[in-house]
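Architecture at a glance
What follows is the residue order along each chain.
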Amino acid sequence: MVKAAITTPAATNPFIPFPFVVMSRRRETRDTVTLRLRPLRNVRLLAQPGQFMMLSVIGVGEVPISVSGLPRRPGELEHTIRAVGSVTRHLVALRPGDYIGVRGPFGTSWPLQLAHGQDVLLIAGGLGFAPLRSALLSILRERWRYRQVIALYGARSPTDLLYRRDLSRWQQRPDLVLRMTVDHPDQYWRGQVGVVPNLIRQVAAFFEPANTIAMICGPEIMMRFTIRELQKHGVPDEHIFLSLERNMQCAIGLCGHCQLGPFFLCKDGPVLPYSRLAPFSDIREF
Ligand SMILES: Cc1cc2nc3c(=O)[nH]c(=O)nc-3n(C[C@H](O)[C@H](O)[C@H](O)COP(=O)(O)OP(=O)(O)OC[C@H]3O[C@@H](n4cnc5c(N)ncnc54)[C@H](O)[C@@H]3O)c2cc1C
């Protein structure tokens, strides 16, 4: 018998967390894991790459975490979480079979449809690769829809690289240009050393700036220099999309914690084109 699908609380009451169970846990780095989650009940939930969920641990708290994978079955979620404070430390310590509260999906998504027929540049710094991984997986699933696909990824050191298994598979693909760089190489590192924006120059021959959609996520300083480099190459501001992470609590544009200029980043973002953000780029934490 097929159980009737019910909508998530985001569609009914967005404040009620929905119970999910941890199906698997994969260690990415010393402090970061990827969890695969399954709803306890049949839910109608489709989180788009770029969107985020509010994940909660009972008695500890709730935090926004991006979708980092694509669902293998309806309702499933994949999230990559770095332990930085009280809630994320608890999330990273969860084991298969543990329960977790989930609200969402919330926010805007990467402009994957807009990128159809265009060159695509995905540029990630550190944990910023988490929201971009779901975009890249989606693009590779429908690879024929896009022209050149270029992924640039920078991490602090080789041991900070996320998704090593994916990276080695992606490096073999003739239809993907993947370049990685680290700030601090170790004795085994044979790749690039330096900051991510430097990679843009190296792949400039692969994309046509006027017909390129760029998607960026990473630390603020990395995004600033990346935007500057893309502008130098002639990528229009309205083709440059950023994912901005700010303190978010309600996730539905009520509490104001994530306000940047006129935007509530939980609802108008986290993904926004630079053309709309540029007037507010002087505000700290942008
Ligand atoms: C839209 C969005 C998507 C996100 N996606 C991910 C993700 O995929 N994976 C992931 O690991 N994290 C992600 N984050 C960041 C995550 O929400 C924070 O790390 C988390 O809220 C910290 O909570 P805590 O209780 O563990 O730490 P706290 O005890 O609250 O803080 C510990 C430290 O983390 C800093 N911090 C707190 N909130 C944030 C924040 N929102 N962003 C950055 N630093 C913060 C604090 O300044 C402090 O230095 C995302 C944030 C947003 C807004």
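Only a predicted model underlies this, so the values are computations on that prediction, with no experimental measurement involved.

Another point: the site of the ligand. Not every one of the 18 residues close to the ligand is listed here, only the nearest: Pro64, Thr80, Arg82, Thr88 and Arg246. The contact in question runs from an oxygen atom of the ligand to an N or O atom on the side chain of Ser86, over 3.4 Å. Residue assignment for the shell around the ligand shows that the elements contributing at least two residues are strand E6 (61-66), strand E7 (77-82) and helix H1 (86-92). Among the elements that take part in the shell around the ligand, E6 stands out by supplying 4 residues, more than any other. Here the shell around the ligand spans two domains, and each of domain 1 (6-106) and domain 2 (119-280) adds at least three residues to it.

Moving on to the packing of helix H2 (residues 129-141) against helix H3 (residues 164-171). Two measures define how a pair of helices packs: the angle their axes make with one another and the distance between the axes. Packing of H2 against H3 brings their axes to within 13 Å, and their N-to-C directions diverge by 40 degrees. Classified by the angle their axes make, H2 and H3 are oblique. Crossing handedness for the pair H2 and H3: left-handed. Judged by residue contacts, Phe129, Arg133, Leu136, Leu137 and Leu140 of H2 engage Asp166, Leu167 and Trp170 from H3. Across the contact of H2 with H3, the residue classes tally to 6 nonpolar, no polar and 2 charged.

According to the domain assignment, the protein chain contains domain 1 (6-106) and domain 2 (119-280). Placing the centre of domain 1 and that of domain 2 at their C-alpha centroids yields a distance of 22 Å. Across the boundary between the two partners, domain 1 contributes 23 residues, which contact 27 residues of domain 2. Summing both partners gives a buried area of about 2000 Å² for domain 1 against domain 2, and 60% of it is carried by carbon and sulfur. For the interface between domain 1 and domain 2, the tally reads 1 salt bridge. Between Glu78 and Arg133 there is a salt bridge, and its shortest N-O distance comes to 2.5 Å. Where domain 1 packs against domain 2, one counts 6 residue pairs in polar contact (both at pLDDT 80 or more). Within the residue set of the side of domain 1 that touches domain 2, elements represented by two or more residues are strand E2 (18-29), strand E3 (32-39), strand E5 (52-57), E6, E7 and strand E8 (99-106). Broken down by class, the residue content of the side of domain 1 that touches domain 2 amounts to 9 nonpolar, 8 polar and 6 charged.

With 13 residues, H2 extends 18 Å between its outermost C-alpha atoms, agreeing within 8% with the 18 Å of an ideal straight helix rising 1.5 Å per residue. Among all positions in H2, only Phe129, Ala130, Pro131, Leu132, Arg133, Ser134, Ala135, Leu136, Ser138, Ile139 and Leu140 are buried.

The rules behind the values
Residues numbered from 1 in each chain as written. Predicted model: local features only at pLDDT ≥ 70, side-chain atom pairs only at ≥ 80, totals over all residues. Heavy atoms only, no water. Near = heavy atom within 4 Å. Polar contact = N/O pair within 3.5 Å; in protein donor to acceptor, adjacent residues only side chain to side chain. Helix = DSSP H or I, 4+ residues; strand = E, 2+ residues; numbered from the N terminus. Domains from an automatic or database assignment. Axes fitted to C-alpha atoms, helices over the stretch in contact; angles between N-to-C directions. Parallel < 35°, antiparallel > 145°, perpendicular 65-115°, else oblique. Left-handed = near helix turned anticlockwise from the far one by under 90°. Contact = heavy atoms within 4.5 Å. Nonpolar A, V, L, I, M, F, W, Y, C, P; charged D, E, K, R; others polar. Buried area = accessible area lost by both parts, 1.4 Å probe. Salt bridge = Lys/Arg side-chain N within 4 Å of Asp/Glu carboxyl O. Expected span 1.5 Å × (residues − 1). Buried < 20%, exposed > 50% of the residue type's maximum accessible area, 1.4 Å probe, protein only.

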